[in-house]
Amino acid sequence: MKNYTKEDYLNKKVNLHIHTTFSDGEANPVDIVKQAKEKGYKKIAICDHNTIDAHKIIKDEILLPAVEFDVWCGYVFMHLLAYNIDINNKELLSFCAKSKKETELDIVRIFAKRNIKKLITAIHNAGGTAVLAHPACCWAVSLEKFVKKLVSYGLDGLEVYYPYERHRGIIKFHKAETVEKIADKHNLIKTGGTDLHKKHLN
């Protein structure tokens, strides 16, 4: 997976965290790709919750195949982004939602029973990269110890360039600056995105 620069994310040329109507977003995936091209984006990623269905209907050079999984790691409920995956990989598909409710309802998604170690292995076996989403929102007592544990399971990166808006800004437990320092210390890939749920790209 290409490691884009901080400027790419901050200057809105790359957005690797977008949701569509295939999970809990408002945007049509075809329309999102069209908007990205019109706005001059280099790369975007549709990361619907627990489903790759959007990628079954649209493929484009600007679009990185991705998914955002709900998963527990010990006492921490977290979101794991999988990038550049083979959407036909059977092992990875076994972790995907079996119903629409599993892609959009928080009360359903929080009861996810995915095994974090097996999920990261499946992502890698599907040719993908495993990235912890919005790390500052993880309610781990020590974020660094939590990340080190995930690294021991095969974690590849952290979502560093993230705006922490909406409810994510309210439930933030760690500083964004801390996330970047941890990523640098452990030589992790640094990704970014807006966690878009609306119809229009910024």
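Numbering of residues begins from 1 in every chain and follows the order in which that chain's sequence is written. Per-residue local features of the predicted model are confined to residues with pLDDT of at least 70, and side-chain atom pairs are confined, for both listing and counting, to 80 or more; whole-chain, interface and lining totals are unaffected and use all residues. Excluded from the side-chain calculations are hydrogens and water; all other atoms, namely the structure's heavy atoms, are used.

Trainee: Go over the nonpolar core, please, and point to the residues and values.
Mentor: Buried residues of nine kinds, namely Ala, Val, Leu, Ile, Met, Phe, Trp, Tyr and Cys, make up a nonpolar core once their side-chain atoms join them within 4.5 Å. Accessibility here uses a 1.4 Å probe with only protein chains present; expressed as a share of the type maximum, an area under 20% marks a residue as buried, one over 50% as exposed, and anything in between as partly exposed. Judged by nonpolar contacts, the single largest core of 49 residues is most densely connected at Met78, Leu80, Tyr83, Leu132, Phe146 and Leu158. Elements with a contribution of two residues or more to this core: strand S1 (14-18), strand S3 (63-73), strand S4 (76-83), helix H7 (116-125), strand S5 (129-132), helix H8 (143-153), strand S6 (157-161) and helix H10 (176-185). By the convention used here, residues are in contact when the closest approach between their heavy atoms is within 4.5 Å. Leave out the neighbours within four places in its chain, and Met78 touches Phe69, Asp70, Val71, Cys73, Ile116, Leu132, Cys138, Phe146 and Leu150. In terms of nonpolar packing, the next biggest core, distinct from the first, is built from 14 residues, Ile32, Ala36, Tyr41 and Leu196 among them. Counting from the N terminus, the helices are the DSSP runs of H or I reaching at least four residues and the strands are the DSSP runs of E reaching at least two.

Trainee: For the pattern of salt bridges, give the residues involved together with the corresponding values.
Mentor: Salt bridges are counted wherever a side-chain nitrogen of Lys or Arg sits within 4 Å of a carboxyl oxygen of Asp or Glu. Counted by the stated rule, this structure contains 9 salt bridges. Among the ionic pairs, Lys185 bridges to Glu144, the shortest N-O distance being 2.7 Å. Separated by 41 residues along the polypeptide, Lys185 in helix H10 and Glu144 in helix H8 bring together distant segments of the chain. Overall, Glu144 belongs to the partly exposed group, its relative accessible area being 25%. Of the charged contacts, one joins Glu180 and Lys190 as a salt bridge, the two residues approaching to 3.9 Å between their closest N and O atoms. A residue pair is termed long-range when its members are at least 10 positions apart, and Glu180 in helix H10 and Lys190 in strand S7 (residues 189-192) qualify at 10 residues. Look at Lys190 and you get buried, because its relative accessible area is 18%. When salt bridges that share partners are traced, they join Asp24, Asp70 and Arg109 into one network.

Trainee: Tell me about the layout of surface pockets, residues and numbers included.
Mentor: Cavities and pockets were defined on a 1 Å grid built over protein atoms only: a cavity is a set of grid points that admits a 1.4 Å probe from which the probe cannot escape, a pocket is an open set flanked by protein on both sides within 12 Å along at least five of seven lines, and lining residues are those with an atom within 4 Å of any such point. Grid points are joined across faces, edges and corners, and a volume is the space filled by probe spheres set on the points. Estimates place the volume of the second largest pocket at around 260 Å³. Lining the second largest pocket are 14 residues, and of these Tyr9, Lys12, Pro163, Gly193 and Thr194 sit closest to its centre. Of all elements in the fold, only helix H1 (6-10) and S1 reach the threshold of two or more residues within the lining of the second largest pocket. Of the residues in the lining of the second largest pocket, the class split is 7 nonpolar, 5 polar and 2 charged. Here the nonpolar group is Ala, Val, Leu, Ile, Met, Phe, Trp, Tyr, Cys and Pro; Asp, Glu, Lys and Arg are the charged ones; every other residue, Gly included, is treated as polar.

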